[in-house]
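Breakdown of the fold
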Amino acid sequence: NMKAYAKTIGSEYLFEDNPKYFKNDFGDISFCFGKFRPVYDERFWKYDNVLILDTDIFAKDKLKENIFDNIDFEIGACTETFQPKFRLNPNCAFNHDRDEKWARAIKDKWNVELPRTEEGLLKVYNGGLVLFSNSGMRNAKEKFCPIKEYINYISSKNIHKLYTRDQNYLHAMLFASGLKFKELDNGWNSFMHYLGSPKEKNRPVNDMRNKNTKFVHIQLRGADEYDAKKLWKITNLTVKESLGY
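Residues numbered from 1 in each chain as written. Predicted model: local features only at pLDDT ≥ 70, side-chain atom pairs only at ≥ 80, totals over all residues. Heavy atoms only, no water.

**Focus on the overall build of the protein**
Quick note on the threshold: Helix and strand definitions here come from DSSP, where helices need a minimum of 4 consecutive H or I residues and strands a minimum of 2 consecutive E residues; each element is numbered from the N-terminal end. The atom set for the radius of gyration is the C-alpha atoms, and the globule formula is 2.2 Å times the number of residues raised to the power 0.38. Note on classification: 1.4 Å probe, protein chains only; a residue is buried when its accessible area is under 20% of the maximum for its type, exposed when over 50%, partly exposed between these limits. Between two residues, a contact is recorded if the distance between any of their heavy atoms is within 4.5 Å. Each accessible area is a Shrake-Rupley result for a 1.4 Å probe, and residues are judged covered by the shown protein chains and nothing else. Here the positive residues are Lys and Arg and the negative ones are Asp and Glu; neither His nor the chain ends is included. By convention, the point assigned to a charge is CZ for Arg, NZ for Lys, CD for Glu and CG for Asp.
Summing up its helical and strand segments, the protein has nine helices and eight strands in all. Computed over C-alpha atoms, the radius of gyration of the protein comes to 18 Å, within 12% of the 18 Å expected from 2.2 N^0.38 for 245 residues, which places it in the range of a compact globule. Each of the three principal axes of the protein carries a C-alpha extent, and together these read 50 × 45 × 35 Å. Across the 245 residues of the protein, 47% fall into the buried class. A fraction of 74% describes how many contacts in the protein between residues 6 or more apart in sequence connect residues 24 or more apart. With an accessible surface of roughly 13400 Å², the protein has 46% of that area assigned to carbon and sulfur atoms. Taken together, the 40 basic and 34 acidic charged side chains of the protein have centroids lying 3 Å from each other.

**Quick word on unusual backbone geometry**
Positive phi outside glycine occurs at Lys23, with the angle close to 50°. Within the element layout of this structure, Lys23 appears in the loop between α1 (2–8) and α2 (37–40). Its identity as a non-glycine residue notwithstanding, Asn158 has a phi of 55°, on the positive side. By secondary structure assignment, the location of Asn158 is in the loop between α6 (147–156) and α7 (166–176). For Asn158, a relative accessible area of 63% gives the class exposed.

**Thoughts on the packing of helix α4 (residues 96–110) against α6**
In plain terms, the rule: All axes are obtained by fitting lines to C-alpha atoms, using only the stretch in contact for helices, and the reported angles, taken between N-to-C directions, cover 0 to 180 degrees. Note that the term roughly parallel is reserved for angles under 35 degrees, roughly antiparallel for angles over 145, roughly perpendicular for angles of 65 to 115, and oblique for everything else. The handedness criterion is simple: a crossing whose near helix is rotated anticlockwise from the far helix by less than a right angle is left-handed, and one whose near helix is rotated clockwise is right-handed. Residue polarity follows a fixed list, in which Ala, Val, Leu, Ile, Met, Phe, Trp, Tyr, Cys and Pro are nonpolar, Asp, Glu, Lys and Arg are charged, and the others, Gly among them, are polar.
The interhelical angle for the contact between α4 and α6, taken along N-to-C directions, is 120°, at an axis separation of 11 Å. Comparing their axes, α6 and α4 come out oblique. As for how α4 packs across α6, the hand of that crossing is right-handed. Listed contacts from α6 to Trp102, Ala105, Ile106, Asp108, Lys109 and Trp110 of α4 are Glu149, Tyr150, Tyr153 and Ile154. By residue class, the composition of the contact of α4 with α6 is seven nonpolar, no polar and three charged.

**Remarks on empty space enclosed by the protein**
Defined as follows: Only protein atoms enter the calculation, which uses a 1 Å grid: trapped sets of points that fit a 1.4 Å probe without letting it out are cavities, open sets showing protein on both sides within 12 Å along at least five of seven lines are pockets, and any residue with an atom within 4 Å of a point is a lining residue. Grid points are joined across faces, edges and corners, and a volume is the space filled by probe spheres set on the points.
As enumerated under the stated definition, the model contains one cavity of 30 Å³ or more in all. When its volume is computed, the largest cavity comes out at roughly 70 Å³. Contributing to the lining of the largest cavity are Arg87, Asp99, Trp102, Leu122, Lys123, Val124, Tyr125, Gln167, Asn168 and His171. For the lining of the largest cavity, the elements supplying multiple residues, two or more each, are α4 and α7. Broken down by element, the residue count for the lining of the largest cavity peaks at three residues, all from α7. Here the residues of the lining of the largest cavity sort into four nonpolar, three polar and three charged.

**Concerning the side chain of Ser30**
Definition in use: For the purposes of these results, a polar contact is taken to be a pair of N or O atoms within 3.5 Å, where, inside protein, one atom must be able to donate a hydrogen and its partner to accept one; residues adjacent in sequence count only when each atom of the pair is a side-chain atom.
Mapped onto the elements, Ser30 comes out in the loop between α1 and α2. Of note is the side chain of Ser30, whose polar atom sits 3.3 Å from the backbone nitrogen of Asp25. Among the polar contacts listed, one links the side chain of Ser30 to the backbone nitrogen of Phe26, at a separation of 2.7 Å. If we ignore the near neighbours within four places in the chain, the residues touching Ser30 are Phe22, Lys23, Asn24 and Asp25.

**Some words on the layout of surface pockets**
The space that makes up the second largest pocket amounts to roughly 240 Å³. Every residue lining the second largest pocket is counted, 13 residues in all, and those nearest its centre are Glu65, Ile67, Asp69, Lys182 and Trp188.

**Points about the sheet that holds strand β6 (residues 190–194)**
Heads up, the rule is: We treat two strands as partners when DSSP finds at least two bridges between them.
With respect to topology, four strands assemble into an open sheet ordered β2-β8-β6-β7, the strand pairing being mixed. Either end of the sheet is taken by a strand with one partner, and the two such strands are β2 (57–59) and β7 (205–207). Recorded for the sheet is a direction-independent mean angle of 20° between the axes of neighbouring strands. In this structure, β2 lies alongside strand β8 (residues 215–218), joined through three bridges in antiparallel fashion. Each residue of the ladder has a partner; that of Phe58, found in β8, is Val216. Sheet contacts for helix α8 (residues 228–236): β2, β6 and β8; angle to β8, the most-contacted strand, approximately 120°.

**Describing the packing of α4 against α7**
Following both chains from N to C, one finds α4 and α7 inclined at 40°, their axes separated by 11 Å at the closest point. Between α4 and α7, the angle is such that the two are oblique. Pair α4 / α7 crosses with right-handed handedness. On the side of α4, the interface is formed by Trp102, Ile106 and Trp110, while α7 contributes Asn168, His171, Ala172, Met173 and Ala176. Taken together, the residues that form the contact of α4 with α7 break down as six nonpolar, two polar and no charged.

Set out below in structure tokens:
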């Protein structure tokens, strides 16, 4: 799907299955930092721009809009608009109290206030789609905190280990690095995921697609086993048409 989109917009495409660029540099979470390879692997610097995508993100059918058009920033990412309120539930692994503790640690070390919603909750930036310009890759290598240093720092503050991983590292570096950042339109990263209990039949779906949706992030439990036809339906059709309820 994404290879076809890349061809449509005249871009090169690279697929990595279980990327191991960092090997075991960061222990059992090394795999999740593979998306930062274009920052540290200078072979990618021959490109004007590089888009990193998780493999559960799909382009809508016949999409022709070029995500690389009119880039006037160094790094871009999308928010998860539903997450700040979801995280008010204290039983979530990522929750409001843990977010605030993490944000205080980021401020203490880098003297940056992380962005908040109108309700005063910390925004959440998704690491599944990250867009670098050429200068963004080069400057990130110079100005991003070394990954190991970040992991050790967060661990030393007795913050939940989930906050040592790639998404929160990205979130922190978007602002701590001083790179020119742009919050991309969420149409480039429209989420779909289940609500409620996994044991619930016909679980409701949080469908964040709208008229601006271009890429769909299918985070439905079990979707890894879906075939191409079903994934196409989920990306392009209604929930009822694709899931049958």
